[in-house]
Amino acid sequence: MSGHGALIGELARQHVELTALAVALGLVISLPLAVAVHRLRPLTSPVLAATGTLYTIPSLALFALLVPWTGLSRTTALIGLTSYTLLILVRNTLAGLDGVPAEVRDAATGMGYGRLRRLLAVELPLAVPVIMAGVRIATVTTIGLVTVAALIGHGGLGQLILDGLNRDFRTPLVVGSALSVAMAAIADVALLGLQRRLTPWAGGE
Amino acid sequence: MAFVLEVTRWFGDRANWRGETGLGNLVIEHLTVSAVALALAMVVALPLGLGLGHLGRGGVVAVNVANVGRAVPSFAVLVIALQLSSIGTTPTVVALVALAVPPMVTNCWVGMRQVDADVREAARGMGMTGRQLFRSVELPLALPVVMAGVRTAAVQVVATATLAALVGYGGLGELIVLGLRTGDDVEVFAGAATVAVLALVTEVGLGLAQRALTAEPLRHRAFPGAPGEAVPRPA
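Quantities reported herein were computed from a predicted structural model and do not represent experimental measurements.

Peer 1: An account of helix H2 (residues 23-55) of chain B is needed here, citing residue identities and associated values.
Peer 2: Residues and elements named next belong to chain B. Here H2 is 33 residues long and its end C-alpha atoms lie 47 Å apart, about the 48 Å a rise of 1.5 Å per residue gives. Where H2 bends most, at Met42, the angle is about 30°. In the stretch just after H2, Gly56 is the one whose phi turns positive, near 70°.

Peer 1: Can you tell me about the packing of aromatic side chains, naming the residues and giving the values?
Peer 2: On inspection of all chains with the given rule, the structure shows four aromatic pairs over all chains. On the basis of an interplanar angle of 80° and a centroid distance of 5.2 Å, the ring pair of Trp69 of chain A and Phe3 of chain B is categorised as edge-to-face. Here Phe3 of chain B lies in helix H1 (residues 2-12) and Trp69 of chain A lies in helix H3 (residues 59-70), a pairing that spans two chains. Residue classification places Trp69 of chain A among the exposed residues on the basis of a relative accessible area of 55%. Judged by its relative accessible area of 16%, Phe3 of chain B falls in the buried class. When the centroid spacing of 5.3 Å and the interplanar angle of 85° are considered together, the rings of Trp10 of chain B and Phe11 of chain B count as edge-to-face. Classification of Trp10 of chain B by relative accessible area gives buried; the value is 10%. Relative accessible area serves as the criterion here: at 28%, Phe11 of chain B is assigned to the partly exposed category. Members of the aromatic cluster, each reached through a chain of ring pairs, are Trp69 of chain A together with Phe3 and Phe189 of chain B. A cation sits over an aromatic face here: Arg117 of chain A above Tyr113 of chain A, 3.9 Å from the ring centre.

Peer 1: Explain the side chain of Ser30 of chain A to me, using residue names and the numbers behind them.
Peer 2: Residue and element names in this part refer to chain A. Structurally, Ser30 is set in helix H1 (residues 2-39). Exposure remark for Ser30: the relative accessible area of 0% places this residue in the buried category. Here Ser30 is in contact with Leu86, Leu89 and Val90, once residues within four sequence places are set aside.

What counts, and where the lines are drawn
- Residues numbered from 1 in each chain as written.
- Chains lettered and ligands numbered in written order.
- Predicted model: local features only at pLDDT ≥ 70, side-chain atom pairs only at ≥ 80, totals over all residues.
- Heavy atoms only, no water.
- Helix = DSSP H or I, 4+ residues; strand = E, 2+ residues; numbered from the N terminus.
- Expected span 1.5 Å × (residues − 1).
- Bend = angle between axes of the 7 residues up to and from the residue.
- Phe/Tyr/Trp six-rings, centres within 6.5 Å; stacked < 30°, edge-to-face > 60°.
- Buried < 20%, exposed > 50% of the residue type's maximum accessible area, 1.4 Å probe, protein only.
- Lys NZ or Arg CZ within 6 Å of the ring centre and 35° of its normal.
- Contact = heavy atoms within 4.5 Å.

As structure tokens, then:
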């Protein structure tokens, strides 16, 4: 029994790790991309089309497309998972930056803020609620998608679902599914809490 | 480069297109189960979402059902459906319907509720009955958002149908699953590429349909659409 506990703990850790890494990498890619699109409007369509295309490709297919190059590795899982976060993160960051009132921007400029400082100290902080809404969606989605990566051997709790499928055994299936749903719910609430602390003026959503 | 050539050769080999596990049959299986599931889901979701939206009831459930559904992994839905029925078509259809209903309900409701209250009142003032209001005013105005929901659901269904190979249905996931099992990267890649193309064609095709069904003045709707619209989810 304790053996099962240890296994579940290990898989849950793997699940959290993959999700956190994918969303973090997604942010590292999306934030600069959204800022660039915000500055250079003609980039909007190509960037959204590219991230939208990645988003549309079924996850099993995307993992499979990467296998010939990166094998059945964690890298394969991570590339796939990260690519699914991009559309939402870019879209929300862009919406957040667009939502900054023009007079606020003007006021910052009037106070002598340069472009970079205005972006970092005024625009991005004001965009945080919308960005965080994107992070929440991306995180919940990624937690669900990690389970599919079980098919390439890096599925966290999805490993239990696959095990349940292969052995036609309900217990691991139910445990894996329930824990994955619980993890998504907890992550969503935790991120909402984080957002409230980061932006006390925004009052939640 | 050699790998790309091998994949090209795979697609060029007629033997890979024929028979039970040939590409032709797998594409047909994939599309059939997707179409059946989407149609069934529409029969459930559209009347429900549009009706609730028209009455302005059940908003909390309708708006949140897609978000809550997002937390449940499609893979888990499929395997659980398999446990509850027998192997093959039934669990696949059940799982796909379960996944397709929430985004459509959400979008139907949101689409109906975003109709301007003044417009609704004007229609009432002109003497329209509830049914006329629904058919001639609310539905046309809600249609873009409703179609966005159908598109979201359809893409998700086509994507998730890939996983149906795991529960013994077949479809294009068969090539990926068999290929992964036997270490045949070429077959894996060929199957994955076909599924990817199918999903993209669904997305673009229904996008065009959505545009065609949208009243001319509404066509320049700002991205990303109506507030509260179900966000598509990859599967």
